[in-house]
Amino acid sequence: MPFLNQSNPIIQRYKRLIDTLGREGINALYPNEIEIYLLSLELVSIDSFGFEKSIDYFVFPVNPSEINISKPTLTNTKKSAGGVITLDSETFVPFKIRIQGNFGTRFRFLIGKNQQVDAKSIIYTTQNGVFSKEQMFKRTFANIPFSPQVKTGYGSFKILEAICDKSKAVNNDGVPFQLIFNNPIFGHNNIVKVKNFNGSLSTQRNRIHSYDLELEAVAPISRKERIWHLIRDTSLKSLGDKMSILSNDLQIGLNQTIIA
Amino acid sequence: MFRIETIIDLDSKYGFNLRSLMDDFILFVKNDKEKIESFFKGDLDVRPQSSFDILNTLFSKTANAINSLNNIRNQLLNYDYWEIFEKIEQIKESLYTMKNGDKWARSSKIQGRYTKNQSVNFTLKENQTIENLVRTELGSNNFQNDWFVVAINNRLREEDYDNLGGTLIVAQIQRSRIDSVVSVIDQSTIYGNDIHKKFEFVDSDILYLSNSDTFKQTCEILLSLNKNDNPFFPDSGTNKTLISGTNINSLQLPSFFRQLYQTFSQEDSVSYIQIIDFKQEQDGLFVKIKIVSVLGDEEERDVNL
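Here is a short report on the structure shown in this document. All of these numbers come straight from a predicted model, not from anything done at the bench. (Residues numbered from 1 in each chain as written. Chains lettered and ligands numbered in written order. Predicted model: local features only at pLDDT ≥ 70, side-chain atom pairs only at ≥ 80, totals over all residues. Heavy atoms only, no water.)

1. Structural notes on the overall build of chain B
1) Next: The helix and strand tally for chain B stands at 10 helices and 9 strands.
2) Next: Counted over contacts in chain B with a minimum sequence separation of 6, partners at least 24 positions apart contribute 50%.
3) Next: Carbon together with sulfur atoms contributes 46% to the accessible area of chain B, which is approximately 16500 Å² in total. (Helix = DSSP H or I, 4+ residues; strand = E, 2+ residues; numbered from the N terminus. Contact = heavy atoms within 4.5 Å. Areas by Shrake-Rupley, 256 points an atom, 1.4 Å probe, with all protein chains shown as cover.)

2. As for the overall build of chain A
1) Next: Tallying secondary structure elements over chain A gives 4 helices and 11 strands in all.
2) Next: Each of the 260 residues in chain A was classed as buried or not, and the buried ones make up 41%.
3) Next: Within chain A, counting contacts between residues at least 6 apart in sequence, those at least 24 apart form 65% of the total.
4) Next: Only carbon and sulfur atoms are counted for the fraction: they give 55% of the accessible area of chain A, which is about 14800 Å². (Buried < 20%, exposed > 50% of the residue type's maximum accessible area, 1.4 Å probe, protein only.)

3. Some points on the pattern of salt bridges
Residues and elements named next belong to chain B.
1) Next: Scanning the model with the defined rule gives 15 salt bridges over all chains in all.
2) Next: For Asp 80, the salt bridge is made with Arg 3, and the minimal N-O distance between the two is 2.7 Å. With Asp 80 in helix H5 (residues 79-99) and Arg 3 in the segment before helix H1 (4-14), the pair connects residues that are 77 residues apart, well separated along the chain.
3) Next: The exposure class of Arg 3 is partly exposed, given its relative accessible area of 40%.
4) Next: When salt bridges with common partners are traced through the structure, they connect Lys 197, Glu 220, Glu 299 and Arg 301 into a single cluster. (Salt bridge = Lys/Arg side-chain N within 4 Å of Asp/Glu carboxyl O.)

4. Some points on the environment of Ile 26 of chain B
1) Next: Relative to the assigned elements, Ile 26 of chain B resides in helix H2 (residues 18-31).
2) Next: In sequence terms Ile 26 of chain B and Ile 91 of chain B are 65 residues apart; their C-alpha atoms lie 9.9 Å from each other.
3) Next: Excluding anything up to four places from it in sequence, Ile 26 of chain B contacts Ser 247, Leu 250, Gln 251 and Leu 254 of chain A.

5. Let's talk about the pairing of strand S2 (residues 52-59) of chain A
Residues and elements named next belong to chain A.
1) Next: Most of S2 is tucked away, with 8 of its 8 residues classed as buried.
2) Next: Pairing analysis gives 7 bridges linking strand S1 (residues 40-46) to S2, with the strands arranged antiparallel. Counterpart to Ser 45 in the pairing with S2 is Lys 53. (Pairing = 2+ DSSP bridges.)

6. What to know about the nonpolar core
1) Next: The biggest cluster of nonpolar side chains holds 37 residues, and the ones touching the most others in it are Leu 10, Phe 25, Phe 28, Ile 88 and Leu 95 of chain B.
2) Next: Counting residues per element, the ones that place at least two in this core are helix H4 (236-254) of chain A together with H1, H2, helix H3 (33-41), helix H4 (49-71) and H5 of chain B.
3) Next: What Phe 28 of chain B contacts, discounting residues up to four positions off in sequence, is Met 243 of chain A together with Lys 33, Ile 36, Ser 51, Ile 54, Leu 55, Leu 58, Leu 95 and Met 98 of chain B.
4) Next: Grouped together as the second largest cluster of nonpolar side chains are 31 residues, Leu 17 of chain A together with Tyr 191, Leu 253 and Ile 275 of chain B included. (Core = buried A, V, L, I, M, F, W, Y, C linked by side-chain atoms within 4.5 Å.)

7. Points about the side chain of Lys 151 of chain A
All names here are of chain A.
1) Next: Note that Lys 151 resides in strand S8 (residues 150-151).
2) Next: Asp 56 is the oppositely charged side chain nearest to the buried, salt-bridge-free Lys 151, at an N-O distance of 9.0 Å.
3) Next: Not counting residues within four places of it along the chain, the set of residues in contact with Lys 151 comprises Arg 106, Phe 107, Arg 108, Leu 110, Pro 145, Ser 156 and Ile 159. (Lys, Arg positive; Asp, Glu negative; His and termini not counted.)

8. Some thoughts on the pairing of strand S11 (residues 205-220) of chain A
Residue and element names in this part refer to chain A.
1) Next: Judged from the 8 bridges that link them, strand S6 (residues 95-102) and S11 form a sheet pairing that is antiparallel. Opposite Lys 96, over in S11, you have Glu 216 as the bridge partner.
2) Next: Note that strand S10 (residues 188-202) and S11 share 11 bridges and pair antiparallel. Bridge pairing links Asn 196 to Glu 214 in S11.
3) Next: Connecting S10 to the antiparallel partner S11 that follows it, the hairpin turn spans 2 residues.

9. Regarding the sheet that holds S6 of chain A
Residues and elements named next belong to chain A.
1) Next: Ordered by their spatial adjacency, 7 strands build an open sheet running S2-S1-S9-S10-S11-S6-S3, and the pairing between neighbours is antiparallel. Looking at which strands have only one partner, the edges of the open sheet turn out to be S2 and strand S3 (66-70). If you compare each strand with its neighbour and ignore which way they point, the axes differ by 30° on average. (Axes fitted to C-alpha atoms, helices over the stretch in contact; angles between N-to-C directions.)

10. Notes on the packing of aromatic side chains
Note on aromatic pairs: each is described by the distance of the centres and the angle between the planes.
1) Next: In this structure the tally under the stated criterion is 18 aromatic pairs over all chains.
2) Next: When the ring of Trp 147 of chain B is compared with that of Phe 148 of chain B, the centres are 6.4 Å apart and the planes differ by 85°; the resulting orientation is edge-to-face.
3) Next: According to the relative accessible area criterion, Phe 148 of chain B is partly exposed, its value standing at 40%.
4) Next: Counting every residue linked through ring pairs, the aromatic cluster contains Phe 58, Phe 60, Phe 103 and Tyr 211 of chain A.
5) Next: Directly above the ring of Phe 52 of chain B sits Arg 47 of chain B, whose terminal nitrogen or CZ lies 4.0 Å from the centroid. (Phe/Tyr/Trp six-rings, centres within 6.5 Å; stacked < 30°, edge-to-face > 60°. Lys NZ or Arg CZ within 6 Å of the ring centre and 35° of its normal.)

11. Considerations on the packing of H3 of chain B against H4 of chain B
All names here are of chain B.
1) Next: The geometry of H3 relative to H4 is characterised by a closest axis approach of 9 Å and an angle of 115° between their N-to-C directions. It follows from the interaxial angle that H3 and H4 lie roughly perpendicular. The crossing of H3 and H4 is left-handed. Contacts from Lys 35, Ile 36, Phe 39 and Phe 40 in H3 reach Ser 51, Phe 52 and Leu 55 in H4.
2) Next: Residue composition of the contact of H3 with H4, grouped by class: 5 nonpolar, 1 polar and 1 charged. (Parallel < 35°, antiparallel > 145°, perpendicular 65-115°, else oblique. Left-handed = near helix turned anticlockwise from the far one by under 90°. Nonpolar A, V, L, I, M, F, W, Y, C, P; charged D, E, K, R; others polar.)

12. Side note on a nonpolar patch on the surface
1) Next: Together, Phe 107, Phe 109, Phe 146 and Val 150 of chain A make up a nonpolar patch on the protein surface, roughly 490 Å² of accessible area in all.
2) Next: Locating Val 150 of chain A in the fold gives a position in strand S8. (Patch = residues over 30% accessible without salt bridge, like charges linked within 9 Å, V, L, I, M, F, W, Y side chains within 5 Å.)

13. Overview of the environment of Leu 69 of chain B
Residue and element names in this part refer to chain B.
1) Next: With respect to the helices and strands, the residue Leu 69 is situated in helix H4.
2) Next: Take Leu 69: its relative accessible area is 2%, and that puts it in the buried class.
3) Next: Among residues more than four places away in sequence, those in contact with Leu 69 are Leu 10, Phe 16, Leu 76, Phe 85 and Ile 88.

14. What to know about the packing of H1 of chain B against H2 of chain B
Residues and elements named next belong to chain B.
1) Next: At a closest axis distance of 8 Å, the pairing of H1 and H2 adopts a crossing angle of 120°. As summarised for this structure, H1 and H2 are arranged oblique, according to the angle between their axes. Only Leu 18, Arg 19 and Met 22 of H2 make contact with H1, whose side of the interface consists of Ile 4, Ile 7, Ile 8, Leu 10 and Asp 11.
2) Next: Looking at side-chain class alone, the contact of H1 with H2 contains 6 nonpolar, no polar and 2 charged residues.

As far as function goes, none of this settles anything; it's purely spatial.
Next comes the structure, spelled out in structure tokens:
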């Protein structure tokens, strides 16, 4: 099989994109062809209109030592007298993701940590010292971070732990937070639920906090619901309801007793 | 709340029938409103003619009452009269909404009936039967029975079509829910008519765009919409700070794309968007985006990040 030489237009195009966008940009454009060795977790709050607000965005500063995905097909197969029956589904089948590793001991610069958070969501963020779901609503004591962008291995571990913990909470509108796992290593972007978060430390690996994270992907982010609520007061039904309210008002007015 | 004495006073002094008008309106809401709503929504096949007659009579009675009240407006100095006037105007407004209910229901019209589905024109090809059209274009599995629904809706007789093709058939395909347009949905009316973004008057009317130009303007507006630009929905739009002022290594393109998809998902006339290409020219980063409408029209735009 011959290699493509450097003057090949496809190679030229790839080089041009690498120069302008970098590998991350190409991956964002062609997620199923060019992978990038990066993992990120994003905790998102959804308001009553269905808009997302990013709360914590954590790009793993050190890639994990191992990542596994396990995709069961969930096909139900049964033998019957006349043959074999299989039951298949066209909907999304949840699958398991397992990540193990550590962030070392050195100070690491966390990318993508500064621009994402808006003013309404900052009360929930680790940048604002919120590291557990209990703290989100009852703030008694705020730990101002040493630095929101530069973290030790332990600091990164704590952010990961905080994101996993807060992903099980609900926001002020009563909508559960969503945890999005961007995994361009395998080309998956999913809404996930944390099944298990294991932290470990041993004398063999002194000062190195290891994590073992089990996630379950529950939906691909491309299948999220559309925002329907934007123009909710102009359906024929709601306009008809306004007519009924007016009619009731009139009825009450007309039934008044005449004051002599 | 208005006072009943004021109505009696107006009726006896000026010979109005405001009380009976209000009674008629209440009766209309009780008996006929639902029927008209159902007809416009497509739940009722037969036009409820008597209800429409009542609506029209009531509407002209209300318009007359408002005219009469206008004529004596200089004598209506008491605040009580204002309240009555306001109620009569509200009645007119709600009746007017009901008259245009087909637009608010965003239904499609086919052979005098309304439907929640979308009407699409097909032309029979040579040797194509209606069964074939129903199977291939409309995706019916039960085409041997479904074809006559199409034939009846189009009021086709046997001699109206033959194997030479060319017969125009209006068929219905399922469409997604539409909120962002107020119109009877028929082909390109799904895009709506928008005011030109450069607000101006032409021929003593506000300049507004055709359906297809509205779609183009919608694409332009949504692509350039930044977060906090829209005072009603400040979270709609993209956050350009994810891109500008950062270097290549910290470009947050996945987040940016997600915001872009979310912004477009609010627009009912857009089916999907695709990112086609990136290019860098001097210090500018441009992304080429293809926007495909629900009718299959395509728009390609270069956006400067």
